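# Chain and residue survey
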Amino acid sequence: MLEKLMRRKTAETNVSLPEQIALVKSRKIPAHVAIIMDGNGRWAKKRNLPRIAGHHEGMKTVRKITRVANDLGIKVLTLYAFSTENWKRPKMEIDFLMKLPGEFLSTYLPELIEQNVKVEMIGNFNVLPDHTKKAIQRAMEATASNDGMTLNFAMNYGSRLELIECVKEIANQAANGEIDVSDIDESFIDSHLMTAHLPEPDLLIRTSGEVRLSNFMLWQLAYAEFSFTDVLWPDFDEQCMLNEIREFQSRSRRFGNVERDGDV
Ligand code: V0D
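This is a predicted model, so every value here is computed, not measured.

### Some details on the site of the ligand
In the neighbourhood of the ligand, 18 residues make up the surrounding shell, with His-55, Leu-97, Leu-100, Phe-104 and Phe-153 lying closest. In the complex, the protein chains occlude 99% of the 530 Å² of accessible area that the ligand would expose alone. Sorting the residues of the shell around the ligand by element identifies α4 (51-72), β2 (76-83), α5 (91-114) and β4 (150-157) as the ones contributing at least two each. Looking at which element gives the most residues to the shell around the ligand, the answer is α5, with five residues. A breakdown of the residues in the shell around the ligand according to their chemical character gives 15 nonpolar, three polar and no charged.

Right, here's the structure in full:
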């Protein structure tokens, strides 16, 4: 049995990436994949490099995974790039991180445009450094009319803060008599979140072995499949992503999507 499994695994890895992509595309593709890109610091530590070297390498993975996600026909890829808790890190590391959007976009914006990718952001934009805001703003404007995959960066994002803002806004509307309390249902709350215009994630991936949600899309992930992998984000490649999507597809086949109809 083990031998048979191992043989199958070897055979699969002998199939070229484009062939695997074609095979995966012939089955149900998740519309929205969200990823917690963890393990950049650990990747650097293993190589006796500074943490920022790991962050920089992680940026190259963002490029790789964006490309393969787009090739697969995924509609939305949300990447957790910076959390509201990340401000607690050393200033030097924060300063470096805040330069990454600018560097990423000055290198890769042309190919994002060529791939018809639309850049968006969720999170509290206002408190980011000016140069970071400018880079992201420019990319969002340059890709606003693209109708391919949405590459959605969660930057300075925290789910509880998002929910607090949502509740405040709805409470204000109720206090002003704009809505009735009875108007507040699931879709009403959906429409007041930063992800209002996006489908909810079908799949959450977290790299680097931590099995936590870390304040990421608490409401939106209610029905998502979760996958936790030990691979560190800088080592996460096209093959890893394909394996994740294939696992998602085999779970969908085994269980069907009956949860919301009351089976579980
Ligand atoms: C570091 C691994 C791309 C996670 C990936 C400031 C940690 C590399 C962006 C990016 C980060 C963000 C917005 C945008 C374009 C690119 C990014 C941060 C960190 C947080 F419009 N990589 N990246 N942003 N890292």
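Okay, back to it.
### So, the environment of Asn-152
Tracing the sequence through the fold places Asn-152 in strand β4. Taking C-alpha positions, Asn-152 is 15 Å from Tyr-108, a pair spaced 44 residues apart along the chain. Sequence-distant contacts of Asn-152, that is, excluding residues within four places in its chain, are made with Val-76, Leu-77, Thr-78, Leu-79, Glu-120, Met-121, Ile-122 and Leu-198. One polar contact links Asn-152 to Thr-78, side chain to side chain, over a distance of 3.0 Å.

### With respect to the nonpolar core
Generally speaking, a soluble globular protein has its nonpolar side chains buried in company with each other. Among the nonpolar cores identified, the biggest contains 47 residues, and Val-33, Ile-35, Ile-74, Leu-77, Phe-153, Met-241 and Ile-245 are the most heavily contacted of them. The greatest single-element share of this core, amounting to ten residues, is contributed by α5. If we skip the residues at most four places from it in the chain, Leu-77 touches Val-33, Ile-35, Ile-65, Thr-66, Ala-69, Met-149, Thr-150, Leu-151, Asn-152 and Met-241. Formed by eleven residues, the second largest nonpolar core is a distinct cluster that contains Ile-36, Tyr-80, Phe-216 and Met-217.

### Some points on a nonpolar patch on the surface
The grouping of Val-211, Phe-226 and Phe-228 at the surface amounts to a nonpolar patch, some 250 Å² of accessible area in total. Owing to a relative accessible area of 31%, Phe-228 belongs among the partly exposed residues under this scheme.

### As for the packing of α5 against helix α6 (residues 130-143)
Between α5 and α6, whose axes approach to 8 Å, the crossing angle comes to 15°. As summarised for this structure, α5 and α6 are arranged roughly parallel, according to the angle between their axes. The chirality of how α5 crosses α6 is left-handed. Together, Met-98, Lys-99, Pro-101, Gly-102, Leu-105, Leu-109 and Ile-113 of α5 and His-131, Thr-132, Ala-135, Ile-136, Arg-138, Ala-139, Ala-142 and Thr-143 of α6 make up the contact between the two elements. The class makeup of the residues in the contact of α5 with α6 is nine nonpolar, four polar and two charged.

### Concerning the pattern of salt bridges
In the structure shown here, the tally under the stated rule is 13 salt bridges. Between Glu-111 and Arg-63 there is a salt bridge, with its nearest N and O atoms 2.8 Å apart. Of the two residues, Glu-111 is situated in helix α5 and Arg-63 in helix α4; the sequence distance between them amounts to 48 residues. A salt bridge links Glu-120 to Lys-118; the nearest nitrogen and oxygen atoms lie 3.9 Å apart. For Lys-118, a relative accessible area of 24% corresponds to the partly exposed category. Salt bridges linked by common partners bring Arg-42, Glu-210 and Arg-212 together as one network.

### Comments concerning the sheet that holds strand β3 (residues 118-122)
Ordered by their spatial adjacency, six strands build an open sheet running β3-β4-β2-β1-β5-β6, and the pairing between neighbours is parallel. Among the strands making up the open sheet, the edge pair consists of β3 and β6 (225-228). Across the sheet, the mean angle separating the axes of adjacent strands is 20° when strand polarity is ignored. Two elements, β2 and β4, share seven bridges in a ladder whose sense is parallel. When the bridges of β4 are listed, Tyr-80 appears paired with Ala-154. Contacting β1 (32-36), β2 and β4, α4 crosses the sheet at an angle of about 160° to β2.

Cut-offs and rules
Residues numbered from 1 in each chain as written. Predicted model: local features only at pLDDT ≥ 70, side-chain atom pairs only at ≥ 80, totals over all residues. Heavy atoms only, no water. Near = heavy atom within 4 Å. Areas by Shrake-Rupley, 256 points an atom, 1.4 Å probe, with all protein chains shown as cover. Helix = DSSP H or I, 4+ residues; strand = E, 2+ residues; numbered from the N terminus. Nonpolar A, V, L, I, M, F, W, Y, C, P; charged D, E, K, R; others polar. Contact = heavy atoms within 4.5 Å. Polar contact = N/O pair within 3.5 Å; in protein donor to acceptor, adjacent residues only side chain to side chain. Core = buried A, V, L, I, M, F, W, Y, C linked by side-chain atoms within 4.5 Å. Buried < 20%, exposed > 50% of the residue type's maximum accessible area, 1.4 Å probe, protein only. Patch = residues over 30% accessible without salt bridge, like charges linked within 9 Å, V, L, I, M, F, W, Y side chains within 5 Å. Salt bridge = Lys/Arg side-chain N within 4 Å of Asp/Glu carboxyl O. Axes fitted to C-alpha atoms, helices over the stretch in contact; angles between N-to-C directions. Parallel < 35°, antiparallel > 145°, perpendicular 65-115°, else oblique. Left-handed = near helix turned anticlockwise from the far one by under 90°. Pairing = 2+ DSSP bridges.

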